[in-house]
Amino acid sequence: MASGAAWAQSAPAGENTGKGNGNGSTVVVVGQRAALESAQKRKQDADEIVDSIVADDMGKLPDKSVTEVLQRMPGVTIDRTMNRSDPQQGVGDGIMRFAAEGTGVSIRGMSYVRSELNGRDSFSANGGRSLSFEDVPPELMAGVDVYKSPSAEQIEGAVGGLVNLRTAMPFDFKGRKGAISVEATRSQLRGEVAPSFSGLISDRWDTGIGQIGALIDVARSRIKTRSDGLSVSPYIPRTNAVVGDNSGKLRWIPAGGSWNRGDFDRDRQGLYGALQWKKDAWASSLTYFKSKYQMDTTEASLFQSANPSTITLDPGATFDDKGALLTGVLRAPSEPGVGFGTNTRAVGREADTRDVAWNLTWRASDQWVFRSDLQHIKATTTGFDNTVGLGGYMPKETLDLSTSPSRFTFDDSDRAYLANPANYYWGFAQEHRDQAKATQTAARLDAKFIFDSPVLQDLRFGVRFTDRDAQTRSTHDTEWAQISQPWAVGDSWQPLSKLAYLSDPRFAGGTSPQTFSNFFNGKMPTPPQFVAPDLSWSQGAPPQGFEKLHGYTQLVCKAPCSVNWTPAPYGDDKGLNVQHEETKAAFAQLRFAFENALPYPVDGNVGVRVVRTTSTAEGYTLFNPPTTQRPDVPSIPKQSDRQTFDNGYTNVLPSLNLRMKAGNELQFRAAFSKGMTRPDFYQMQAYTTLEQKVNTHQDPVTNQSILDSIAYQGTARGNPMLRPVLSNNFDLTGEYYFGRSSSFTVSMFNKRLKDIIIGQTSTYRLNDTAGQPHDFLITSQVNGATGRARGVEIGYQQYFDKLPGLLAGFGVSGNYTYIDSRMNLGSPVTRSWCTPKDTMDANLARDLAGCDTDGHVLGGLPMVGMSKNAYNLALLYDQGPLSTRLAYTWRGKYLQAANAYGTASNDGIDRNPDSPNFGQGYSVNYALPTWGGAYGQLDMGVHYKVSDNFSVAFEAQNLTNALYKQYMQQGIGLKDRSAFFTGRRFTLQARYSF
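Here's a quick rundown of the structure. This one's a predicted model, so the numbers in the text were calculated from it and none came from an experiment.

## A short note on the overall build of the protein
Line of reasoning, step 1. For the protein, the count of helices and strands is 5 helices and 48 strands.
Line of reasoning, step 2. Rg of the C-alpha trace for the protein: 31 Å, near the compact-globule value of 30 Å for 994 residues, within the 12% margin.
Line of reasoning, step 3. Buried positions account for 56% of the 994 residues belonging to the protein.
Line of reasoning, step 4. Intrachain contacts of the protein at a sequence separation of at least 6 include 74% that bridge at least 24 residues.
Line of reasoning, step 5. If you sum the accessible surface of the protein, you get close to 39500 Å²; carbon and sulfur atoms cover 54% of it.
Line of reasoning, step 6. Averaging the positions of the 101 positive and the 100 negative side-chain charges in the protein gives two centres separated by 3 Å.

What follows is the structure in structure tokens.
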């Protein structure tokens, strides 16, 4: 699928490329075929195991985002949701939102991916260590390389693999070069057009001080898409839900269904400049790279909020053989109706990465070469995510779960009810904002000694130093606040006298009807019109309308009113993550070649890299003593001071890469290495809360309070003492190159990982006033698991040059990846139940192994992100001025998370016979593992070269209107959770180059 290669390639004079005119002359190979040839040559000649995609014209990779480009490569997969890793950069529900261009790049199923720009470290301010590849303009790229076996001279940190983004340099061209491109993209579902452009100019000159080259590249692209979605609530176990059914059979019933629509606007800008100089033995370059990514999303949705322990089903409901609901009508006779909510949401994010790098190379002699490199990166991001919601009660909801996706139907009375504003009350408002900044300064000094030997080629050695800071500030934990909620209305402890219904003139206005025309492109029943807050309430960071909305609470509050709203704290102890890290690395690597000493020529490299990492995290450990002091309870002083945590470790990373040439066309590789990936910065946040929980009962005779137990417990948002994930890697490949763009390759790999980061119970010690230590059991992230990932990659590409006439332009390209993964949690979850709820052991079992809505531990989960099967297939055509591609990309289902928003809640019903909460509502804190479903997408590109300088193109994404589905794992099987549809996207493009 390496459909795109660097610059137009011409064959050496006199060489017959299979495209000659029959008299020995040769024509220039350009476009898609040249792209494949160039990428294949990089793979064949590389010292390491690598796959490449390069642009088939200046600034033209084959897809509209780097993320989409990467998914074409063997062993590389992407996610389809907006699930950001850092929990501070969002409200945690990104897994429920579709990403039109894809996110979350994994190599061989692992997210431990390191990113580079021209061989130098690069990253986004995303709380992690790599780029958010969707932020990077593909128009600035000359190519993308994915390294799967490291060598000692490469920067450490890529257990899964290394993605190197390459830009063009002025000396890549013989003289002046330029290109300009304009295009327009239209999303079929959204129905709006978004423009894009890019331009590149490069030149070089011979001067009295040597050769000088300069290049500048600019790009700006926009897309406007729409995604429709629907979801089903988790299935809850019931024995008394069906009216008139007294059999006592266990039935599994969801609380209802939901639907939403999201409009996604993306504006991506890029600027790249390069200067090169060369004179005699000296060469130098200076580069500047800037990418800016701005995303704005507006959403409207209707969601269920019914009580699953009291809803009922009309007689006639149907179930499958495991008792799961297929069809039925939901009602809530003990409530005013089936509870629901509507909301509107505004989400925005702006990310900026700037990279300045300077390189100086000195060839001191025929044998010695020295190179120095300086780099500074600054990455920032700011985001907001605000939601305002209404609530209400609908008379009923009719479900058809026998189809996939599920269907929800409404009669005329239902639709009239949902369209009436008087049936809604102001429910809640949620605000979020965050800001992150990451900087790094890196210095590197390398040397190379070239041997005059038939075996030893060269010895490379060097050192590298980095100084990195990362800081994230956000609102946290107190972002959601009620305006008026049913649980807050009542005659006892509840603070509200009634709900803030829109039928009250004081609360009327500020809403608008929401319609879902052309829902799922007409493939699903059109949802009814409903009422939702105006989008203006959610605009801004912080949103200005929230003070007025929360003023409604005061108007329905009992006197004196005890409910007071304040904006969510920003960047306080809970919402602050400050990290500093320094690394010192040294490497030595020997390259060798045995041309005649062995039956077949063997070459390769062997080396070792040693790196020392020291880190500092600033944060808080908070402890508040019980409000009531007792003499029989140890007195521990309050703790709330800001603290500094220091961590350090040294890693030795050997590597060996071998290649045996069995002929001009056939070669084999073997690679052995040890890798590391440091923990992400969001995983090392230093914030821990401790609790001394005193459990007592009152003696019925003496009325005295009797101490039962003291629980020392707590939670940690991160762990500043985490170590890196380590891996031992073995790779074996066979590569058969039977033409300039024809090859068949097989790669086998085995990775054994240890110190995988998972949630687990650990201890934190505090001393009481008498000096006695007390160990608090805390749930935190630790290096607590091991695992392995092994598999095979198969790749094939060929143009059928020997076919007659126009048929000679046809070609095919494809790859297949199989991965088998296992993870050992170290301290295995042996519990069968994660109830009674709210105990540390129950919560830990839930987080590691998943917990069903009946309290059963699910278990047996694979490593996150691993699709067992994935493949790419493409039909290619290159003949004369016409170049086309029809490409299909598919990956199998994969675990996204064991405990994720939307499939985790507290409204389960405990079926554990040994639990004191047996049969009660809201007695299980469950977490249903969320799976991304198998997904395939067909894309097309047609390019026509009008003249040597001018070309036009038409491209289409998702020709088959594919649906992306999610599933939730329960004891009754994998059940439909969500379905998302974004439809086709079309692009028209015109390019001029000179």
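## Considerations on helix α1 (residues 31-45)
Residue pairs three or four apart in sequence face the same way in an α-helix, which turns once every 3.6 residues.
Line of reasoning, step 1. Taking 1.5 Å of rise per residue, the 15 residues of α1 would be expected to cover 21 Å, and the 21 Å separating its terminal C-alpha atoms lies within 8% of that figure.
Line of reasoning, step 2. Counted residue by residue, α1 has 11 buried out of 15 residues, so it is predominantly covered.
Line of reasoning, step 3. For α1, the set of buried residues is Q32, R33, A34, A35, L36, E37, S38, A39, Q40, K43 and Q44.

## What to know about unusual backbone geometry
Line of reasoning, step 1. Here the bond from A541 into P542 is cis, since omega is 5°, no more than 30 degrees from zero.
Line of reasoning, step 2. Assignment of secondary structure puts P542 in the loop between β27 (530-533) and α4 (546-555).
Line of reasoning, step 3. For the bond from A559 to P560, the omega torsion is -5°, close enough to zero to count as cis.
Line of reasoning, step 4. Of note, P560 is situated in the loop between α4 and β28 (576-594).
Line of reasoning, step 5. Of note, the phi angle at N703 is positive, near 60°, even though the residue is not glycine.
Line of reasoning, step 6. Mapped onto the fold, N703 is located in the loop between β32 (687-698) and β33 (705-716).
Line of reasoning, step 7. Positive phi outside glycine occurs at D838, with the angle close to 70°.

## Here we look at helix α5 (residues 840-849)
Line of reasoning, step 1. Judged by how many residues are buried, α5 sits mostly within the fold: 7 of 10 residues are covered.
Line of reasoning, step 2. Those residues of α5 that fall on the buried side of the exposure criterion are M840, A842, L844, A845, R846, L848 and A849.
Line of reasoning, step 3. Following α5 by one or two positions, G850 has its phi on the positive side, about 85°.

## Points about the state of the cysteines
Where two cysteines share a covalent bond between their sulfur atoms, that bond is called a disulfide.
Line of reasoning, step 1. A full pass over the atoms with the stated rule returns 2 disulfides.
Line of reasoning, step 2. Between the sulfur of C557 and that of C561 lies a disulfide, 2.3 Å long from S to S. Given an S-S torsion of about 90°, the disulfide between C557 and C561 has right-handed geometry.
Line of reasoning, step 3. According to the relative accessible area criterion, C561 is partly exposed, its value standing at 25%.

## A word on the side chain of D504
Line of reasoning, step 1. Position of D504 relative to the elements: it lies in the loop between β25 (480-482) and β26 (511-514).
Line of reasoning, step 2. Overall, D504 belongs to the buried group, its relative accessible area being 16%.
Line of reasoning, step 3. Reaching out from D504, the side chain makes a polar contact with the side chain of R506 at a distance of 2.8 Å.

## Notes on the sheet that holds strand β7 (residues 161-166)
Line of reasoning, step 1. Reading across from one edge, β1-β6-β7-β4-β5 is the order of the 5 strands in this open sheet, with mixed pairing throughout. Taken across any chain shown, the strands that pair with only one partner, and hence form the sheet edges, are β1 (50-54) and β5 (120-121).
Line of reasoning, step 2. Note: β1 against strand β6 (residues 143-147), 5 bridges, orientation antiparallel. Directly across from V50, in β6, lies its bridge partner Y147.

## Thoughts on the nonpolar core
When a protein is soluble and globular, its nonpolar side chains tend to lie buried together.
Line of reasoning, step 1. Counting 68 residues, the largest nonpolar core has W259 and W426 as its most contacted members.
Line of reasoning, step 2. Grouped together as the second largest cluster of nonpolar side chains are 32 residues, V66, L117, A168 and Y272 included.

## Considerations on the environment of T466
Line of reasoning, step 1. Within the fold, T466 resides in strand β24 (residues 456-474).
Line of reasoning, step 2. Spatially, the C-alpha atoms of T466 and H376 are 9.6 Å apart, while their sequence positions differ by 90 residues.
Line of reasoning, step 3. Residues within four places of T466 in sequence aside, it is in contact with Q440, T441, A442, E581, E582 and T583.
Line of reasoning, step 4. Polar contacts involving the side chain of T466 include one to the side chain of T583, which spans 2.5 Å.

## Comments concerning the pattern of salt bridges
Line of reasoning, step 1. Enumeration according to the criterion identifies 62 salt bridges in this entry.
Line of reasoning, step 2. A salt bridge links R740 to E37; the shortest N-O distance between them is 3.2 Å. Taken as a pair, R740 in the loop between β34 (725-739) and β35 (742-767) and E37 in helix α1 lie far apart in primary sequence, 703 residues in all.
Line of reasoning, step 3. Taking the relative accessible area as the measure of exposure, E37 reaches 9% and is therefore buried.
Line of reasoning, step 4. Between D385 and R345 there is a salt bridge whose closest N-O contact spans 2.7 Å. Here the residue D385 occupies a position in strand β19 (residues 368-394), and R345 occupies one in strand β18 (residues 338-363), the gap between them amounting to 40 residues.

## A word on the environment of M866
Line of reasoning, step 1. Mapped onto the fold, M866 is located in the loop between α5 and β38 (869-879).
Line of reasoning, step 2. Considered as a pair, M866 and G90 are 776 residues apart in the sequence and their alpha carbons are 24 Å apart.
Line of reasoning, step 3. In this structure M866 touches R108, G109, M110, A789, I819, S821, K893 and Y894, once residues within four positions along its chain are discounted.

## Section: the pairing of strand β23 (residues 433-450)
Line of reasoning, step 1. Pairing of β19 with β23 involves 17 bridges; the strand directions are antiparallel. Across the sheet, residue W368 finds its bridge partner in β23, namely F449.
Line of reasoning, step 2. Of the strand pairs in this sheet, β23 and β24 are connected by 17 bridges, and their pairing is antiparallel. In the sheet register, Q435 faces β24, and the bridge partner there is R473.
Line of reasoning, step 3. Hairpin connection between β23 and β24: a loop of 5 residues separates the two successive antiparallel strands.

Scoring rules and cut-offs
- Residues numbered from 1 in each chain as written.
- Predicted model: local features only at pLDDT ≥ 70, side-chain atom pairs only at ≥ 80, totals over all residues.
- Heavy atoms only, no water.
- Helix = DSSP H or I, 4+ residues; strand = E, 2+ residues; numbered from the N terminus.
- Rg over C-alpha atoms; globule rule 2.2 N^0.38 Å.
- Buried < 20%, exposed > 50% of the residue type's maximum accessible area, 1.4 Å probe, protein only.
- Contact = heavy atoms within 4.5 Å.
- Areas by Shrake-Rupley, 256 points an atom, 1.4 Å probe, with all protein chains shown as cover.
- Lys, Arg positive; Asp, Glu negative; His and termini not counted.
- Charge placed at Lys NZ, Arg CZ, Asp CG, Glu CD.
- Expected span 1.5 Å × (residues − 1).
- Disulfide = S-S within 2.5 Å.
- Polar contact = N/O pair within 3.5 Å; in protein donor to acceptor, adjacent residues only side chain to side chain.
- Pairing = 2+ DSSP bridges.
- Core = buried A, V, L, I, M, F, W, Y, C linked by side-chain atoms within 4.5 Å.
- Salt bridge = Lys/Arg side-chain N within 4 Å of Asp/Glu carboxyl O.

It is worth stressing that arrangement in space is one thing and function is another; only the former is reported here.
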